[in-house]
Amino acid sequence: MVRAICCGYYGEGNGGDEALLASLLQMLPDAVEAIALSGNPSQTQTQYGVQTCDRRNAFQVLKVLRAADWFIWGGGSLIQDVTSVISPLYYTGLMGLAQQMGLRTIAWSQGIGPLQRPITRAMAKRAFAGCNLVTVRDSGSAALLTDWQIPFTLAPDPVWALDPKPVPGLWDLPAPRVAVTWRSHPLLTPKRLEILTRALVSFQQATDTYILLVPFQLSQDLAIAELIHKAIPYHSQILKLTDPQMLRGLFQGVEMAISMRLHSLIMAASQECRCFAISYDPKVSHLMAELDFPGWELSQIPDDANIISKAWIEHYANGDRLDPVQIESLSDRAQVHGELLQSLINS
């Protein structure tokens with residue numbers, strides 16, 4: 001039995017990172033015994049049926065490193081220093097330690113950057129250069145690794161290939177349904193949030209849709225969802241889903257998604273929903289450009305709620321969905337992350 005440590009932002013209540021863990025576990029070879037580093041080890045163990053380790057406990061982490069064969073950075077925007085300089089130092093430090101201890105290492109489905117500080121860029125470059133395999137999910141990460149002359153494979157985010165699960169009671173809710181996933185951010189000022197909320201009220205009244213408010217991370221999204229629900233009390237509902245496969249399954253019953261969250265856009269698009277994006281981060285902007293999603297940068301949303309609501313109404317009525325052939329292609333290409341993983345570990 002091969003033992004592999006899966007390292008990511010797991011157990012922190014972020015639906016996107018949980019979806020990456022679920023995708024990684026879905027793609028790992030059967031012969032691999034996974035140990036997930038988690039901020040909530042008991043919850044992660046219960047939810048996924050894997051061994052876990054408290055990622056904040058240095059003694060426990062060192063112990064599992066000594067007993068492991070592989071170390072896998074399990075996807076997402078782990079290596080960026082915009083949110084915090086501590087995050088890239090933590091992850092590159094663990095990767096460097098694993099490499100020094102002789103573990104074979106994989107940087108899997110990475111979304112690298114932004115990296116604004118020389119020290120974080122240098123540590124990231126060194127860590128990626130020492131990996132046995134590097135896969136990335138976007139062209140920006142690919143360009144950075146090309147500049148660093150580090151071999152990599154580019155493929156769509158593995159959540160495109162995540163198996164969905166049905167959401168109990170979803171089909172009993174009023175239809176048609178529109179999902180809204182907004183998160184707190186310094187650029188989402190009280191004024192902008194007020195404008196967006198007024199636009200959403202107008203949109204709901206014009207389309208007679210039922211608004212599903214989906215907080216992907218309760219600590220960042222729930223307060224906003226509650227505020228919107230108060231503005232549309234009889235035509236909206238907050239859905240707190242912690243199972244990433246159910247989060248994807250939710251969009252099987254949704255006509256359109258208005259979202260700031262990368263993985264909510266991926267999940268919605270994969271289920272043939274119309275998508276309207278509000279970008280707070282380059283990773284969302286990359287997806288918008290790649291798939292030609294309509295939307296705005298958060299810093300550039302119109303000051304007029306009527307302009308916003310009219311854009312949403314137009315997209316709801318006449319906007320394009322991804323073609324099923326394109327969705328199948330993205331899902332198939334996303335499997336490349338798993339195929340390379342299995343080929344290397346099984347070799």
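Summarised in this report is the structure supplied together with it. Keep in mind that this is a model prediction, so the values were computed, not measured.

1. Let's talk about the overall build of the chain
- Looking only at helices and strands, the chain features 14 helices and 13 strands.
- Taken over the C-alpha trace, the chain has a radius of gyration of 20 Å; the compact-globule value for 347 residues is 20 Å, and the two agree within 12%.
- With the C-alpha coordinates aligned to their principal axes, the bounding extent of the chain is approximately 60 × 40 × 40 Å.
- Relative to its 347 residues, the chain shows a buried fraction of 55%.

2. As for the sheet that holds strand β5 (residues 104–110)
- Pairing in this open sheet of 7 strands is parallel, and the strands run β3-β2-β1-β4-β5-β6-β7 from one edge to the other. Sheet topology places β3 (51–54) and β7 (153–154) at the edges, where each strand pairs with a single neighbour.
- Sheet strands in contact with helix α4 (residues 86–100) are β1 (2–10), β2 (32–38), β4 (70–73) and β5, and its direction is about 160 degrees off that of β4.

3. A word on the side chain of S23
- On the secondary structure map, S23 appears in helix α1 (residues 15–27).
- The residues contacting S23, other than those within four sequence positions of it, are W108, P158, V159 and L162.

4. Re the pattern of salt bridges
- Taken as a whole and judged by the stated rule, the model has 9 salt bridges.
- Of the charged contacts in the structure, one is a salt bridge between R3 and E33, with a shortest N-O distance of 3.0 Å. Here the residue R3 occupies a position in strand β1, and E33 occupies one in strand β2, the gap between them amounting to 30 residues.
- Residue classification places E33 among the partly exposed positions, given a relative accessible area of 22%.
- A salt bridge links E255 to R321; the nearest nitrogen and oxygen atoms lie 3.2 Å apart.

5. What to know about unusual backbone geometry
- Note the cis peptide between G113 and P114, where omega equals 0 degrees.
- One can find P114 in the loop between β5 and α5 (118–129).
- The amide bond that connects A175 to the next residue, P176, takes the cis arrangement and shows omega of -5 degrees.
- Summarising the element assignment, P176 is placed in the loop between β7 and β8 (177–181).
- Even without a glycine there, the phi angle at D208 is positive, about 55 degrees.

6. Concerning helix α10 (residues 262–270)
- For α10, the buried fraction is high: 9 of the 9 residues fall into the buried class.
- After α10 finishes, the residue E272 shows a positive phi value of roughly 65 degrees.

Thresholds applied
- Residues numbered from 1 in each chain as written.
- Predicted model: local features only at pLDDT ≥ 70, side-chain atom pairs only at ≥ 80, totals over all residues.
- Heavy atoms only, no water.
- Helix = DSSP H or I, 4+ residues; strand = E, 2+ residues; numbered from the N terminus.
- Rg over C-alpha atoms; globule rule 2.2 N^0.38 Å.
- Buried < 20%, exposed > 50% of the residue type's maximum accessible area, 1.4 Å probe, protein only.
- Pairing = 2+ DSSP bridges.
- Contact = heavy atoms within 4.5 Å.
- Axes fitted to C-alpha atoms, helices over the stretch in contact; angles between N-to-C directions.
- Salt bridge = Lys/Arg side-chain N within 4 Å of Asp/Glu carboxyl O.

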